[in-house]
Amino acid sequence: MRYFLELAYNGQNYFGWQRQPKQLSVQEKIEFCLSTLLREEINIVGAGRTDTGVHAKKMYAHFDFDGSLTDDFIRRLNSFLPEDISVTSIHCVAPEAHARFDAVKRTYHYHIYTQKNPFTTTTSWQIRKPLDIEKMNEAAKYLIKKADFGSFAKLHTDVKTNICTVYRAEWIQIEKDFFCFEITADRFLRNMVRAIVGTLVEVGLGKITPSDFNNIIDKKDRKFAAASAPPQGLFLVEVLYPENLFIL
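Thresholds applied
Residues numbered from 1 in each chain as written. Predicted model: local features only at pLDDT ≥ 70, side-chain atom pairs only at ≥ 80, totals over all residues. Heavy atoms only, no water. UniProt positions renumbered as here; feature names shortened; annotations may be inferred. Helix = DSSP H or I, 4+ residues; strand = E, 2+ residues; numbered from the N terminus. Axes fitted to C-alpha atoms, helices over the stretch in contact; angles between N-to-C directions. Parallel < 35°, antiparallel > 145°, perpendicular 65-115°, else oblique. Left-handed = near helix turned anticlockwise from the far one by under 90°. Contact = heavy atoms within 4.5 Å. Nonpolar A, V, L, I, M, F, W, Y, C, P; charged D, E, K, R; others polar. Domains from an automatic or database assignment. Buried area = accessible area lost by both parts, 1.4 Å probe. Salt bridge = Lys/Arg side-chain N within 4 Å of Asp/Glu carboxyl O. Polar contact = N/O pair within 3.5 Å; in protein donor to acceptor, adjacent residues only side chain to side chain. Core = buried A, V, L, I, M, F, W, Y, C linked by side-chain atoms within 4.5 Å. Buried < 20%, exposed > 50% of the residue type's maximum accessible area, 1.4 Å probe, protein only. Patch = residues over 30% accessible without salt bridge, like charges linked within 9 Å, V, L, I, M, F, W, Y side chains within 5 Å. Areas by Shrake-Rupley, 256 points an atom, 1.4 Å probe, with all protein chains shown as cover. Lys, Arg positive; Asp, Glu negative; His and termini not counted. Charge placed at Lys NZ, Arg CZ, Asp CG, Glu CD.

An unreviewed UniProt entry annotates the protein as tRNA pseudouridine synthase A of Weeksella virosa. What UniProt states about the protein under its Sequence similarities (unreviewed entry) heading is, verbatim, "Belongs to the tRNA pseudouridine synthase TruA family." The record in UniProt for the protein states the following under Catalytic activity (unreviewed entry): "uridine(38/39/40) in tRNA = pseudouridine(38/39/40) in tRNA".

Caption draft 1: Quick peek at unusual backbone geometry. Within the chain, Lys22 stands out as a residue other than glycine whose phi angle is a positive 65°. On the secondary structure map, Lys22 appears in the loop between β1 (2-9) and α1 (26-38). Although it is not a glycine, Arg128 sits at a positive phi angle of roughly 60°. Along the chain, Arg128 turns up in the loop between β6 (125-126) and α3 (133-144).

Caption draft 2: Geometry of the packing of helix α4 (residues 192-204) against helix α5 (residues 210-219). At a closest axis distance of 9 Å, the pairing of α4 and α5 adopts a crossing angle of 150°. Classified by the angle between their axes, α4 and α5 sit roughly antiparallel to one another. Seen along the crossing, α4 lies across α5 with a hand that is right-handed. On the side of α4, the interface is formed by Ile196, Thr199, Leu200 and Val203, while α5 contributes Pro210, Phe213 and Ile216. When grouped by side-chain class, the residues that make up the contact of α4 with α5 number 6 nonpolar, 1 polar and no charged.

Caption draft 3: Main features of the domain arrangement of the protein. One can read the domain layout of the protein as domain 1 (2-101) and domain 2 (105-237). Taken over C-alpha atoms, the centre of domain 1 sits 27 Å from the centre of domain 2. Each partner contributes to the interface: domain 1 provides 14 residues, whereas domain 2 provides 14 residues. In total, about 1,200 Å² of surface goes out of reach between domain 1 and domain 2, with carbon and sulfur atoms giving 49% of it. Among the residues domain 1 hides against domain 2, the three largest losses belong to Asp51, His55 and Lys57. Together they make up 43% of the total. Linking domain 1 with domain 2 are 1 salt bridge, by the criterion used here. Between Asp51 and Arg194 there is a salt bridge, with its nearest N and O atoms 3.6 Å apart. Counting the contacts that link domain 1 with domain 2 gives 8 residue pairs in polar contact (both at pLDDT 80 or more). Here the side of domain 1 that touches domain 2 is built from residues that sort into 4 nonpolar, 5 polar and 5 charged.

Caption draft 4: Region of interest: the UniProt feature "active site" (unreviewed entry) in the protein. Mapped onto this numbering, the UniProt entry gives "active site" (unreviewed entry) at Asp51. Summarising the element assignment, Asp51 is placed in the loop between β2 (45-46) and β3 (55-64). With near-sequence residues (within four places) excluded, Asp51 lies in contact with Gly16, Arg190, Asn191 and Arg194.

Caption draft 5: Structural detail: the nonpolar core. By size, the foremost hydrophobic cluster in this structure holds 74 residues, and its most contacted members are Ile30, Leu143, Phe152, Phe181 and Ile183. In terms of residue count, the dominant contributor to this core is α4 (8 residues). Composition of this core by domain shows at least three residues from each of domain 1 (2-101) and domain 2 (105-237). Residue contacts for Leu143: discarding those within four places in its chain leaves Phe149, Phe152, Val166, Ala169, Phe181, Ile183, Ile196, Phe213 and Ile217.

Caption draft 6: Layout of a positive patch on the surface. Residues Arg49, Arg100, Lys154 and Arg190 make up a contiguous surface patch of positive charge. In this structure, Arg190 sits in the loop between β8 (178-185) and α4.

Here you go:
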């Protein structure tokens, strides 16, 4: 049977989602706990790959297990997982359901504080300079009108296309000194959101104009965009699937 996990994690202590040699990953930790509890080797497939230090408020992953899970399995799994990873639900799905390929939309948030805050150093980018949010939102609108995001793609990857559809891109002021960038797309390239945020911050600081940002997108070349924003401010907050995926 195939199961979907809905989970969340603080990525501060991990070298990203994906399992890798000699580095601790979120995937490895979950697989170890599942394999121990179910007494067989369990491999999971995530909805995507978050980078080192990036967090997830809502992530999905699937795994196969030829057996039923007890009613208290989530409690048992959470008691075994470390404090910075939690599972909120488990769904039994069709055998062909796929956590990555069946996802139709993904949403990320990026947090910025413009004043020093000792309680958010591991979950935000603290710039401590005024940002022109109106200009940043003016620039962000260009993202919705574009398709090729090569200017914000990590170099030297095996990705075959830089084409993405962005449905929403907006800065929201949560508090006087707390700003959140929300972006929704059908897919994201590696490092894409952090590269976009880093370049939008250049707009907010007055180093480039919204028109310059538009031109950077059109260049389709990573060297023209700004440095990536630091990872700790980035959160995967939503992964959407077809409505009937969880109906079995």
